[in-house]
Amino acid sequence: MPIDVAEAYQSLIDQGRLRPDPSQRPALDALAEVEAEIEARPKIRLFGGKPVRGLYLWGPPGRGKSRLMDLFFQTVDEPKKRRAHFHAFMAEVHARIKVWRAGDKAERKRVFGTHRGDDPIAPLARLIASEARLLCFDELQVTDIADAMILGRLFEALFEDGVVLVCTSNRPPDDLYKDGINRQLFTPFIDLIKERCRLVELNGSHDWRLERLRSAQVWFTPDQRPAFNALWDELKARAHEAPATLEVAGRQVLIARSAGSMARETFDALCDRPLGPSDYLALAARFDTLFLEDVPVLTPDRREAARRFVTLIDTLYEAHARLIVLAAAEPDALYPKGVGAFEFERTASRLHEMRSRDWLKNKSRRRS
């Protein structure tokens, strides 16, 4: 017999796989309500009842939002359901819009089932609704104006088609796309969220990810790569892993791997490319934890890479980000000589501080 989300949660506690956290109870109760409404939906429809209200679950990283949503997704009895990282979903949305705008009648008909009209939003919403009656998104945040401009219209159509939204975010709805360009065009999406979703804050005292990091090694040598990989796998748990794209001044910066609020990238990708402070600021704004791998010992001919590395670390330091590093040497030996080597001593000092338990305890930021 299938179990519901509350039973699944208790089962994990009984097995010792999950520690009870009273602060999670309101979120668990809200998920149970959504689950019950979804499973009663066929009967409700028959008698013309109200649409199912979803859930917008928000709060700081590490409180268990993704874990709770995963349990809900596993147990809810809805055959057409989809769980995705929000940015991966929006990348797919833009790709499908491009197909609509570039395709001829035959291609539109093949993909969308219709070819009529100039506006892709309605046929796109119908296509998404035909694939999933329940959408579960991890890490809903909006930084891209292209996303902001279509979200209200897209979700108005999706909700009209009966799609239910359950999502996690680090921000309350009113802070989404805060200070964004033409934000007034985005606020209808916020109004839709408030109307069609329960709003629950999960802000307990336990940051489970941070607690694990405090007891973990966060600076690894090349022969410790398996342990570096294992820590990534442990912290991302069941979070969806995918590339991420940062929009910076009309450019796109690709991050090879991301999972929720964590990013993973190589030194070469971040410091041997022509990136600058605005790119690193975008990285720090999007992610609270960076796994940085393959940091080499830098020689004088790589002074530009060393300079970018200094800027990257300064940016992460000021953002109070968490940094896990796989490097060829200890911080003091990463850039022993060359232009800027003396100034690099400050970076080495910051790297030592960022790997300390005191940094993780006292400097871990609270994302606004």
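Here, every reference points to the structure presented above.
Owing to the predicted nature of the structure, the values given are computational and were not obtained by experimental measurement.

Once that is clear, we can look at empty space enclosed by the protein. Remark: the empty space left among the atoms is shown by a probe the size of a water molecule rolled over them. Tallied over the entire structure, the rule returns two cavities of 30 Å³ or more. Every residue lining the second largest cavity is listed: Val218, Trp219, Leu323, Val325, Leu351, Met354 and Arg355. Elements supplying a minimum of two residues to the lining of the second largest cavity: strand E11 (322-327) and helix H15 (341-354).

This brings us to the environment of Ala249. You can see Ala249 is positioned in the loop between strand E7 (241-248) and strand E8 (251-259). Residues Ala249 and Asp279, 30 residues apart in the sequence, show an inter-C-alpha distance of 9.0 Å.

Below, the discussion takes up the layout of surface pockets. Here the second largest pocket is characterised by a volume of approximately 590 Å³. Every residue lining the second largest pocket is counted, 25 residues in all, and those nearest its centre are Asp144, Thr245, Leu246, Glu247 and Arg286. Elements that contribute at least two residues to the lining of the second largest pocket include exactly helix H5 (86-102), helix H8 (145-160), E7, E8 and helix H13 (277-286). With seven residues, E7 is the largest single contributor of residues to the lining of the second largest pocket. Classifying every residue of the lining of the second largest pocket by side-chain character gives 13 nonpolar, eight polar and four charged.

A word on the environment of Leu140. Its place among the elements puts Leu140 in the loop between strand E3 (134-138) and H8. A residue is classified by how much of its surface remains accessible, and Leu140, at 1% relative accessible area, is buried. C-alpha separation for the pair Leu140 and Ala91, spaced 49 residues apart in sequence, amounts to 13 Å. Leaving out residues up to four positions away in the same chain, Leu140 has contacts with Phe86, Cys167, Thr168, Ser169, Leu176 and Phe189.

The next point concerns the packing of helix H7 (residues 121-131) against H8. Across the interface, H7 lies against H8 with an axial gap of 9 Å and an inter-helix angle of 50°. In terms of orientation, H7 and H8 fall into the oblique class. Handedness of the H7/H8 crossing: right-handed. Of the residues in H8, those in contact with Ile121, Leu124, Ala125, Ile128 and Ala129 of H7 are Ile150, Arg153, Leu154, Ala157 and Leu158.

Turning to the sheet that holds strand E9 (residues 262-266), a few remarks are in order. Reading across the sheet, the six strands line up as E6-E11-E10-E9-E8-E7 and stay open at both edges, with mixed pairing between neighbours. Where the open sheet ends on each side, the last strands, each with one partner, are strand E6 (219-220) and E7. When E6 meets E11, the two strands line up parallel, connected through two bridges. Along E11, the bridge assignment pairs Trp219 with Val325. Contacting E7, E8, E9 and strand E10 (289-295), H13 crosses the sheet at an angle of about 130° to E7.

What counts as what
Residues numbered from 1 in each chain as written. Predicted model: local features only at pLDDT ≥ 70, side-chain atom pairs only at ≥ 80, totals over all residues. Heavy atoms only, no water. 1 Å grid on protein atoms, 1.4 Å probe; cavity = no way out; pocket = protein on both sides within 12 Å on 5 of 7 lines; lining within 4 Å. Points joined across faces, edges and corners; volume = space filled by probe spheres on them. Helix = DSSP H or I, 4+ residues; strand = E, 2+ residues; numbered from the N terminus. Nonpolar A, V, L, I, M, F, W, Y, C, P; charged D, E, K, R; others polar. Buried < 20%, exposed > 50% of the residue type's maximum accessible area, 1.4 Å probe, protein only. Contact = heavy atoms within 4.5 Å. Axes fitted to C-alpha atoms, helices over the stretch in contact; angles between N-to-C directions. Parallel < 35°, antiparallel > 145°, perpendicular 65-115°, else oblique. Left-handed = near helix turned anticlockwise from the far one by under 90°. Pairing = 2+ DSSP bridges.

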